[in-house]
Amino acid sequence: MMKRKAGEKAAALAFAVAVAVSTAACEKTEERGVSSDASPGSSAASTSVSAETPSPSPVAALASPSAGGDVSSAGGGIADAVDGVRVALRLCSPPTGFYKPTTVAAEPPFRADFSPQSALPELRGINAISVLLIGNEAGFSDEVGGSFALDRRGRVYAWGNRYDEWSYGGASYAKQVEGLPAVRAIAGEYALDAEGRVWFLNGKHAPYRVEDLTEPVKAIEAVGRDFVLALGRSGRLYAWKPAFDQFPKVFQELAGGVRAVFGGPYRAYWIDGQGDLKWLRDVSAIEGATPQKAERLEPPGGRKAERVFTTFLGDFVRTADGTVYAVSPADGSFVPTRLKRILRVVGTSAKAYALTADGTVFALSDDRTSLAQPVPGLTGVADIRAGWAHVLALKSDGTVWSWGSDVYGQLGRYPRFFERFARIGTTRDVQAVEFESGEVWLILRNGDVWKINRRLQVEPVLIGRGIVRVFPIKGAFLTSDGVLQLREADGECRQLVAEGGIREAVPDLNGWFIRTGQNVVLYAETGWGSYVLVKPVRFPEGRVPTVAKMFGYPVFTVLADDGSVYYRTGEEKDGAIVMERVADLPPVREWTTLDGTFFGGFCDVVRALGEDDRAYAVRVEIHFHENGRTPTYTMHARPYGANVRHLYGSLMEWSDREVVETGMTVDGDMLMPVERGARVWIGSIEDGPIDAWYYYPSEGPSAYAHVRIDAAGTLYLYGYNPFFTTDEKPGPVRRMSSGGTNN
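Residues numbered from 1 in each chain as written. Predicted model: local features only at pLDDT ≥ 70, side-chain atom pairs only at ≥ 80, totals over all residues. Heavy atoms only, no water.

J.: How would you explain the overall build of the chain if you had to name every residue and give the values?
T.: Scanning the chain from terminus to terminus reveals one helix and 66 strands. Every one of the 743 residues in the chain was classed for burial, and the buried ones make up 59%. Taking the contacts inside the chain whose residues are at least 6 apart along the sequence as the reference set, 56% of them involve residues at least 24 apart. Summing over all exposed atoms, the chain offers an accessible surface of approximately 28,600 Å²; the carbon and sulfur share of this is 49%. (Helix = DSSP H or I, 4+ residues; strand = E, 2+ residues; numbered from the N terminus. Buried < 20%, exposed > 50% of the residue type's maximum accessible area, 1.4 Å probe, protein only. Contact = heavy atoms within 4.5 Å. Areas by Shrake-Rupley, 256 points an atom, 1.4 Å probe, with all protein chains shown as cover.)

Now the structure itself:
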């Protein structure tokens, strides 16, 4: 009988939870369905540390878990039975034994040969730097960031990204902004040319001139999320903001007789012709129907303000005699500090820094009133700027250095996106790979589990346990003898066991769908302690198909050996979970899933490959009910490609072994894949272990990535690069070569 294949992740949470808001139809919460039909072989006994291993790591000690089919003793837990199959959830013996740490030595199965520091040239000849002032106040851990530099010839460079898609102008390294005249000043995403004209750099498209500003401008400051403050040669101060999507353009005059202007993420300041300091305590009010009135601030002792430094953590005023005060955002009062000989103060959302007159950058104390420790390895600094999560430093030699978050490529030092599969390192004896949340889990042929972290360091996870699959989000492992090991929040180990052994499992919000050795499919609802409730799974017409593969995303789905596909409808009847066959779909030989995007309709998050070599996009429809019942689902398929050899997530392999990225485009009320996208490699999806990671958060760079291992053990990565997304050690920004890509 033909073996059915479908290698893709299954959801760690129920799809109904991920789509509780219909306009956010598909969200990242998923794991892969797994099988333990084949034993991984003998277990290794030790681990060691290589150059890539950070330190000797605690790993699991050897133990002998109970055989998968033995439920005669619940081990202090509770057993339940359905369809003649007993299932038990019990404590391991001892309760922490499976995860008990110890230190053993074995050769790591991965060695990185990818240099995170690019060979591209350093960015040089710079005389000004700037950053985006976009902050994250919604609490989604979105480390937004974009960076800019102006060289001595008036050319502007940009890197990082202000948008949530890499196709919208993002760059991993400094890239010259084309279409600008000679520029003499920059402020965030704005530029001021030699003739006093203001330009919006416009990361999505070509930069354009701000036509509303007809008066020649002598200074600009970025303020708030999108505003520019422009100081005309007449002393008039203007605020301008471009139209974005449904938000209209803003243009208004704020004041006259202005001598100097200072902008920040939350507030704006200026000094008038009499030397008085004024502020707008909330720049977002500029967009209001009634313009906010500026208020006067008076430094203590009749001192006159000379400079204002604005940060994400608070603002500072330096007076003419060099005294530095912190400004209370609540009432504008002045708080004394011990900061002396300060050229500039900046601050991310987490830490403030000060540049002193001798070119040294110091981190400030927690109360931001004194200098703490100097930033190591950084001297001769002429200027500094800080975004929400990263810092730029301009050195007197014209180079730019950066540190902090690089989620958007704002450091300009690491490749954030690979447009083709790039070699990352070499592996040995890998049976399967799991790619989850930017970490690569390696399951070896001997059943050992290792993890490659975001610093490209390999760490032992479980040694000598006979593991065939891992569930990183759930902290669970399936052993070769059919036991599902669950690590609970309290650190204890619990075992889910079933008669005949568990041969395949996919997680659900409250438990696990399992397939036993007798081809019985059940749902085991697990709770705290050793509670377990087992429910039968019912297929149409009472038929129990021979299962080839199970999936949990977007809803529990079964691919049968005869090519039929069944999905959970969301209904239960007589205590049983009801399954239905996918309509409009001929027999398939491959079934693969990927996360959708936030979209006003529903998502094509499934791909299927029919026995006719046609690819199908499968639409998942969610039906909400007024009476509060659990949402129900239907699936419908439509073809989108012919002469297809294999599918994996968004990857499609044609009959000529060309593998392309299909992506997705909007088609009516659906997200449809494109039929032929960019080529990512010549070969076969079946050449070795492969996995994909799709990440579409409510904020942050939506991303997809694939890892694969070829027959020689070489590990490749394509798509978003999850490694080195932060670096707290300063390093030089690098410049993209002419005609280069984001790599």
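Continuing now.
J.: Explain the pairing of strand β52 (residues 576–581) to me, and be specific about the residues and the numbers.
T.: Both strand β48 (residues 532–538) and β52 contribute to a ladder of two bridges, which runs parallel. Following the sheet pairing, Val537 is matched in β52 by Ile577. Sheet topology places strand β51 (residues 565–573) next to β52; five bridges connect them, and they run antiparallel. When the bridges of β52 are listed, Arg568 appears paired with Met579. (Pairing = 2+ DSSP bridges.)

J.: Can you tell me about the sheet that holds strand β16 (residues 208–209), naming the residues and giving the values?
T.: Sheets are built from strands that pair by backbone hydrogen bonding, the pairs being arranged parallel or antiparallel. Ordered by their spatial adjacency, four strands build an open sheet running β13-β14-β15-β16, and the pairing between neighbours is antiparallel. With one partner strand each, in any of the chains shown, β13 (183–187) and β16 form the two edges of the open sheet. Taken together, the two bridges between strand β15 (residues 198–200) and β16 define a ladder with antiparallel strand orientation. By the bridge assignment, Phe200 is partnered in β16 with Tyr208.

J.: Explain the nonpolar core to me, using residue names and the numbers behind them.
T.: Most often, soluble globular proteins keep nonpolar side chains buried together rather than apart. Grouped together as the largest cluster of nonpolar side chains are 47 residues, with contacts concentrated most on Ile424 and Leu442. It is strand β36 (residues 417–427) that provides the largest number of residues to this core, a total of four residues. Apart from the residues within four sequence positions on either side, Ile424 is in contact with Phe110, Ala112, Asp113, Phe114, Phe418, Leu456, Leu715, Tyr716, Leu717 and Phe723. One finds Ala149, Ala174, Ala222 and Val400 within the second-largest nonpolar core, a separate group that totals 28 residues. (Core = buried A, V, L, I, M, F, W, Y, C linked by side-chain atoms within 4.5 Å.)

J.: Can you break down the side chain of Thr516 residue by residue, with the values?
T.: Relative to the helices and strands, Thr516 is located in strand β46 (residues 511–516). The exposure class assigned to Thr516 is buried, which follows from its relative accessible area of 0%. Excluding its chain neighbours within four sequence positions, the residues that come into contact with Thr516 are Val85, Ala498, Glu499, Gly501 and Arg503.

J.: Give a description of the packing of aromatic side chains that names residues and reports values.
T.: Scanning the entire structure with this criterion turns up 20 aromatic pairs. Relative to Tyr523, the ring of Phe513 lies with its centre 4.7 Å away and its plane at 45°, an arrangement referred to as tilted. Of this pair, Phe513 sits in strand β46 while Tyr523 sits in strand β47 (residues 521–526); the two residues are ten residues apart in sequence, bridging distant segments of the chain. Judged on exposure class, the residue Phe513 and its partner Tyr523 are both buried. Feature note: the residues Tyr190, Phe200, Tyr208 and Trp240 constitute an aromatic cluster, connected by ring pairs. Lying over the aromatic face of Phe421, Arg708 brings its terminal NZ or CZ to 4.9 Å of the ring centre. (Phe/Tyr/Trp six-rings, centres within 6.5 Å; stacked < 30°, edge-to-face > 60°. Lys NZ or Arg CZ within 6 Å of the ring centre and 35° of its normal.)

J.: Run through the pattern of salt bridges, naming residues and quoting values.
T.: Applying the stated rule across the entire model yields 33 salt bridges. For Asp383, the salt bridge is made with Arg385, and the minimal N-O distance between the two is 2.9 Å. Connected through salt bridges with shared partners, the residues Asp508, Lys535, Arg568 and Glu572 form a single ionic network. (Salt bridge = Lys/Arg side-chain N within 4 Å of Asp/Glu carboxyl O.)

J.: Explain the sheet that holds strand β32 (residues 371–374) residue by residue, including any values.
T.: The four strands lie next to each other as β29-β30-β31-β32, forming an open sheet whose pairing is antiparallel. Of all strands in the sheet, those bounded by a partner on one side alone are β29 (342–347) and β32. Ignoring strand direction, the axes of neighbouring strands in this sheet form an average angle of 35°. Where strand β31 (residues 361–364) meets β32, two bridges bridge the pair, whose relative direction is antiparallel. Paired with Leu364 across the bridge in β32 is Leu371. (Axes fitted to C-alpha atoms, helices over the stretch in contact; angles between N-to-C directions.)

J.: Can you explain the state of the cysteines? Please cite residues and give values.
T.: The tally for this structure, following the rule as stated, stands at one disulfide. Disulfide pairing is shown between Cys92 and Cys493; the S-S distance is 1.9 Å. Within this pair, whereas Cys92 is found in the loop between β6 (85–91) and β7 (101–102), its partner Cys493 is found in strand β44 (residues 493–498), the two being separated by 401 residues in sequence. Accessibility expressed as a relative area gives 6% for Cys92, which makes it buried. Judged by its relative accessible area of 0%, Cys493 is buried. (Disulfide = S-S within 2.5 Å.)

J.: Quick one: what's the story with empty space enclosed by the protein, residue by residue and with numbers?
T.: Per the counting criterion, the structure on display carries one cavity of 30 Å³ or more. Forming the boundary of the largest cavity are Val131, Leu132, Leu133, Gly188, Glu189, Tyr190, Ala222, Val223, Gly224, Arg225, Asp226 and Phe227. Class assignment for the residues of the lining of the largest cavity results in seven nonpolar, two polar and three charged. (1 Å grid on protein atoms, 1.4 Å probe; cavity = no way out; pocket = protein on both sides within 12 Å on 5 of 7 lines; lining within 4 Å. Points joined across faces, edges and corners; volume = space filled by probe spheres on them. Nonpolar A, V, L, I, M, F, W, Y, C, P; charged D, E, K, R; others polar.)

J.: For the environment of Arg416, give the residues involved together with the corresponding values.
T.: Of note, Arg416 is situated in the loop between β35 (400–405) and β36. Residue classification places Arg416 among the buried positions, given a relative accessible area of 0%. Placed 244 residues apart in sequence, Arg416 and Ser172 show a C-alpha to C-alpha distance of 5.6 Å. At 2.6 Å, the side chain of Arg416 and the backbone oxygen of Phe723 are in polar contact. There is a polar contact of 3.2 Å between the side chain of Arg416 and the backbone oxygen of Phe724. (Polar contact = N/O pair within 3.5 Å; in protein donor to acceptor, adjacent residues only side chain to side chain.)

J.: Can you lay out the pairing of strand β17 (residues 217–223) for me, pointing to particular residues and giving the numbers?
T.: The pairing of β17 with strand β18 (residues 227–232) spans six bridges and is classified as antiparallel. The residue bridging Val217 from the neighbouring strand is Gly232, located in β18.

J.: Break down unusual backbone geometry for me, with residues and values.
T.: Residue Pro554 is reached from Tyr553 by a cis peptide bond, and omega for that bond is 0°. With a phi angle near 60°, Leu456 is a residue other than glycine that sits in the positive phi range. Positionally, Leu456 belongs in the loop between β39 (449–452) and β40 (458–462). The exposure class assigned to Leu456 is buried, which follows from its relative accessible area of 4%. A positive phi angle, near 55°, is found at Asp574, a position not held by glycine. Mapped onto the fold, Asp574 is located in the loop between β51 and β52.

J.: An account of the environment of Ala583 is needed here, citing residue identities and associated values.
T.: Its place among the elements puts Ala583 in the loop between β52 and β53 (588–593). Measuring from C-alpha to C-alpha, the distance between Ala583 and Val565 comes to 9.0 Å, with 18 residues separating the pair along the chain.

J.: Outline the side chain of Thr725, listing residues and values.
T.: Structurally, Thr725 is set in the loop between β65 (714–720) and β66 (726–732). Take Thr725: its relative accessible area is 13%, and that puts it in the buried class. If sequence neighbours within four positions are ignored, Thr725 has contacts with Ser405, Asp406, Val407, Arg416, Arg454 and Tyr720.

J.: Before we move on, can you summarise the confidence of the model for the chain with the specific residues and values?
T.: Here the chain averages 82 in pLDDT, while 78% of its residues score no lower than 70. Note on residues 1–67: pLDDT under 50 across the span, and 266 contacts to partners over four residues away in sequence or across chains. Scored below 50 in pLDDT, residues 137–141 makes five contacts in the model with residues more than four places away or belonging to other chains. (pLDDT = per-residue confidence, 0-100.)

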